[in-house]
Amino acid sequence: MIPFNKPRLTGNERVYIDEVLKSERFAGGGPFSEKCAAWLESRLECAKAFLVPSGTAALEMMMLLAGVGPGDEVILPSFTFTSTANAVVLRGATPMFADIRPDTMNIDEEQIEKVITPQTKAICPVYYAGAACRVELIEALAKRWGLLVLPDAAQALGSFHKGRPLCSYGHMAALSFHETKNLHCGEGGALLVNNSAFAERAEIVMEKGTDRGKFFRGQVDKYSWVDLGSSFLMNEITAAFLYAQLEEADQTLQHRLELWNLYYQELEPLEKLGKLRRATPVDGHNGHIFWITLNDEGTRNALMDELKRKGIGATFHYVPLHNAPMGTRFPSGELPVTEDCAVRLLRLPLYHELSEVLRVTEAVESFLQRVP
Ligand SMILES: Cc1ncc(COP(=O)(O)O)c(C=O)c1O
């Protein structure tokens, strides 16, 4: 059996969790949380990192801090996880879907301007599979129109773009440490604040709308309700787990790329025969997902079933949001590339301990050779 994903354990998770148990300090903001935040700030070159319970929470906190509200529109791809759009809708704002590019599945930079209206507040690109889009163009566009850039960087830890960590682009960015991600803590996330104007309020918002942070630092003699907020802190046990992962980041990311490259190399002949298309090796990507697109939906589904019969967990991604029951409540133009790619895309197994890439590629090849 080759599962689609198997979360890696580096070994020190237990050791650090034991330290927390001994310390009897479990709530957020403890020593491991601080170490994780410091690691993220220095490695991802962001002004401030806030550890939160999930990537979803990071997106929700980001939209709240950005001041997204009723009457506003936020531009995002329809080819993304529900959390990207929910974060917008939970603020009472409207998601405006832009089409994607077939080479990366990322928002098509050329399509963004078409959906900008006087109500547009922000652009939320999603770095699918940890691959960068031309985010510097999106930043320039946003500047011209007076918009915020708020990337969903859930899959982008360890990615680079033009020599800079990808997460350092945009006003803020949302990161996920869900167990399917390259580095994980079961459920977890981080809000990365690149524009320090948002940092002071972030501390209040994540502490249920109180100035408890200032109180702990002795800057006020009592804390109270000063702003909107919610429970956005990662607990210390989870942070301890996460720190063990961050310490091993280089090795984990390098190995993941090696596996990704092996898939890329092994599937080249099938691409040359026109049987499939491989994910584009975008400069600086982090090997988060190895995807292929088949020539039509039927072939994709039949291959997925065949792999399943052989004990190989391959899976689709995503049902486009604009066509999903909740998504149809919002206006959307035609998104032909999204609709075409979403039904042809297949993700192949990819995780640290995967030793059978060749078994997967042979199974793909033996199936596709039988397809006319
Ligand atoms: C693009 C994208 N956005 C948001 C999320 C949500 O992250 P989480 O599962 O940590 O809440 C995920 C991951 O699951 C994701 O891949």
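Note that the structure is a prediction, hence the values are computed from the model and not measured.

### Remarks on the domain arrangement of the chain
Link 1 in the chain: Its domain assignment divides the chain into domain 1 (13-247) and domain 2 (249-369).
Link 2 in the chain: Using only C-alpha atoms to locate each centre, domain 1 and domain 2 end up separated by 26 Å.
Link 3 in the chain: Each partner contributes residues to the interface: domain 1 has 32 residues there, and domain 2 has 26 residues.
Link 4 in the chain: Secondary structure elements with two or more residues in the side of domain 1 that touches domain 2: helix H4 (82-89), strand S3 (94-98) and strand S6 (160-161).

### Focus: the sheet that holds strand S8 (residues 172-176)
Link 1 in the chain: Taken in spatial order, the three strands line up as S1-S9-S8 in an open sheet, and their pairing is antiparallel. The open sheet has two free edges, formed respectively by strand S1 (48-52) and S8, since each of these has just one partner strand. Adjacent strand axes in the sheet meet at a mean angle of 20°, parallel and antiparallel pairs treated alike.
Link 2 in the chain: Pairing analysis gives five bridges linking S1 to strand S9 (residues 189-193), with the strands arranged antiparallel. By the bridge assignment for S9, Ala49 is matched with Leu192.
Link 3 in the chain: Along the sheet, helix H2 (residues 31-44) contacts S1 and S9; its crossing angle with S1, the most-contacted strand, is approximately 135°.
Link 4 in the chain: Here helix H6 (residues 199-206) sits on the sheet and contacts S1 and S9; the angle it forms with S1, its principal contact strand, is near 15°.

### Description of the site of the ligand
Link 1 in the chain: Near the ligand, the surroundings consist of 14 residues, among which Ser54, Gly55, Thr56, Ala154 and Ser176 are the closest.
Link 2 in the chain: Mapped onto the shell around the ligand, the elements with two or more residues apiece are helix H3 (55-65) and H4.

### Remarks on the packing of helix H1 (residues 13-23) against helix H8 (residues 236-247)
Link 1 in the chain: At a minimum axis separation of 8 Å, H1 and H8 run at an interaxial angle of 150°. When the axis of H1 is compared with that of H8, the two are roughly antiparallel. The element H1 and its partner H8 pack so that their crossing is right-handed. Contacts between H1 and H8 involve Glu13, Tyr16, Ile17, Glu19 and Val20 from the former and Glu236, Ile237, Ala240, Phe241, Tyr243 and Ala244 from the latter.

### Here's the deal with the sheet that holds strand S2 (residues 73-77)
Link 1 in the chain: A sheet is described by the order of its strands in space; here four strands give the open sequence S3-S2-S4-S5, paired in parallel fashion. The open sheet terminates on both sides in strands that have one partner only, identified here as S3 and strand S5 (148-149).

### With respect to the pairing of S3
Link 1 in the chain: Counted residue by residue, S3 has five buried out of five residues, so it is predominantly covered.
Link 2 in the chain: Residues of S3 alternate between two faces, with Thr94, Met96 and Ala98 on one and Pro95 and Phe97 on the opposite face, all of them buried.
Link 3 in the chain: Examined bridge by bridge, S2 and S3 share five bridges and lie parallel to one another. Its bridge partner being in S3, Ile75 is matched across the sheet by Met96.

### Overview of the pairing of strand S4 (residues 120-123)
Link 1 in the chain: Where S2 meets S4, three bridges bridge the pair, whose relative direction is parallel. In the strand pairing of S4, Glu73 is matched with Thr120.
Link 2 in the chain: The pairing of S4 with S5 spans two bridges and is classified as parallel. Across the sheet, the residue bridging to Ala122 is Leu148, located in S5.

The rules behind each value
Residues numbered from 1 in each chain as written. Predicted model: local features only at pLDDT ≥ 70, side-chain atom pairs only at ≥ 80, totals over all residues. Domains from an automatic or database assignment. Contact = placed C-beta atoms within 7 Å. Helix = DSSP H or I, 4+ residues; strand = E, 2+ residues; numbered from the N terminus. Pairing = 2+ DSSP bridges. Axes fitted to C-alpha atoms, helices over the stretch in contact; angles between N-to-C directions. Near = placed C-beta within 6 Å. Parallel < 35°, antiparallel > 145°, perpendicular 65-115°, else oblique. Left-handed = near helix turned anticlockwise from the far one by under 90°. Buried ≥ 20, exposed ≤ 12 C-beta atoms within 10 Å, placed from the backbone.

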